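Listed here are the chains, written in short residue letters.
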Amino acid sequence: MSNIVEEFNEYRERMNSRILEDNNKIIKRIFNLDTNAFMKGALDVKTKELLGLVASAVLRCDDCVRYHLETCHKEGLTKEEVAETLSIATLIGGTIVIPHLRRAYEYWDALDANTSEN
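Residues numbered from 1 in each chain as written. Predicted model: local features only at pLDDT ≥ 70, side-chain atom pairs only at ≥ 80, totals over all residues. Heavy atoms only, no water.

Caption draft 1: Structural view of unusual backbone geometry. Here N23, not a glycine, exhibits a phi torsion of approximately 60°, which is positive. With respect to the secondary-structure elements, N23 resides in the loop between α1 (3-21) and α2 (25-37). Taking relative accessible area as the criterion, N23 reaches 52% and is therefore assigned exposed. Even without glycine at this site, R60 takes up a positive phi of about 60°. By the secondary structure assignment, R60 is in the loop between α3 (45-58) and α4 (62-74). (Helix = DSSP H or I, 4+ residues; strand = E, 2+ residues; numbered from the N terminus. Buried < 20%, exposed > 50% of the residue type's maximum accessible area, 1.4 Å probe, protein only.)

Structure below.
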C-alpha cells in the first residue's frame, strides 16, 4: 500500500477510535450522521461522494478530500470523473484551492498505485 494512503488510514482509524472512546453522545451522533448521510438514498453513493469531494476541496480540508477520494476510488469512479469534479471545486473555491488540488492529485495517484500493486 502506498505510504501516504496507509499513513492516512492508520492515523484516521487510530484517532477516530480515540475520539469515540470518550463516549461523547454529540460526537457519536455527528459520526453516525456523517455515515448515514453518504449512504444510498435519492442520490447514489457516487454522486454523494462527488458532492462531498467538492465541498471538502472548497472548504480546504485535506483529510476530507482524501477520505472522499478513497471512497470515490473504491466506488469505481474514473480519474476523469474525479478530475472534472475537482475542476468544479477549484472554479467555485478559487485559486486558493490549487494547493489542495495538487495534494488531491497526489493522493489519487497513490490510490491508483496501490491498486496496481494488488
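Caption draft 2: Local environment of the nonpolar core. Of all hydrophobic cores here, the largest spans 18 residues; its most connected members are L69 and V82. Those elements giving two or more residues to this core turn out to be α1, α3, α4, α5 (79-93) and α6 (98-117). With near-sequence residues (within four places) excluded, L69 lies in contact with L53, V82, A104, Y107, W108 and L111. (Core = buried A, V, L, I, M, F, W, Y, C linked by side-chain atoms within 4.5 Å. Contact = heavy atoms within 4.5 Å.)

Caption draft 3: A look at the packing of aromatic side chains. Evaluated as defined, the whole model comprises 1 aromatic pair. Aromatic pair F8 and Y107: ring centres 5.9 Å apart, planes at 80°, arrangement edge-to-face. Linking F8 in helix α1 with Y107 in helix α6, this pair joins segments that are 99 residues apart in sequence. A single burial state applies to F8 and to Y107, both of which are buried. (Phe/Tyr/Trp six-rings, centres within 6.5 Å; stacked < 30°, edge-to-face > 60°.)

Caption draft 4: Structural view of a nonpolar patch on the surface. The grouping of I88, L91 and I92 at the surface amounts to a nonpolar patch, some 330 Å² of accessible area in total. Considering the arrangement of structural elements, one finds L91 in helix α5. (Patch = residues over 30% accessible without salt bridge, like charges linked within 9 Å, V, L, I, M, F, W, Y side chains within 5 Å. Areas by Shrake-Rupley, 256 points an atom, 1.4 Å probe, with all protein chains shown as cover. Salt bridge = Lys/Arg side-chain N within 4 Å of Asp/Glu carboxyl O.)

Caption draft 5: Summary view of the pattern of salt bridges. Inspection of every chain in the model, using the stated rule, returns 5 salt bridges. We note a salt bridge from K74 to E70, for which the minimum N-O separation is 3.8 Å. On the criterion of helical spacing, the pair formed by K74 and E70 is a turn pair, its members being 4 residues apart in helix α4. What makes K74 exposed here is its relative accessible area of 67%. Judged by its relative accessible area of 10%, E70 is buried. The closest approach of N and O atoms between K79 and D109, which form a salt bridge, is 3.9 Å. Residue K79 is found in helix α5, and its partner D109 is found in helix α6; the two are separated by 30 residues along the sequence. The class for K79 is partly exposed, based on a relative accessible area of 37%. A residue is classified by how much of its surface remains accessible, and D109, at 39% relative accessible area, is partly exposed. In this structure, a network of salt bridges that share partners links the residues R18, E21 and D22.

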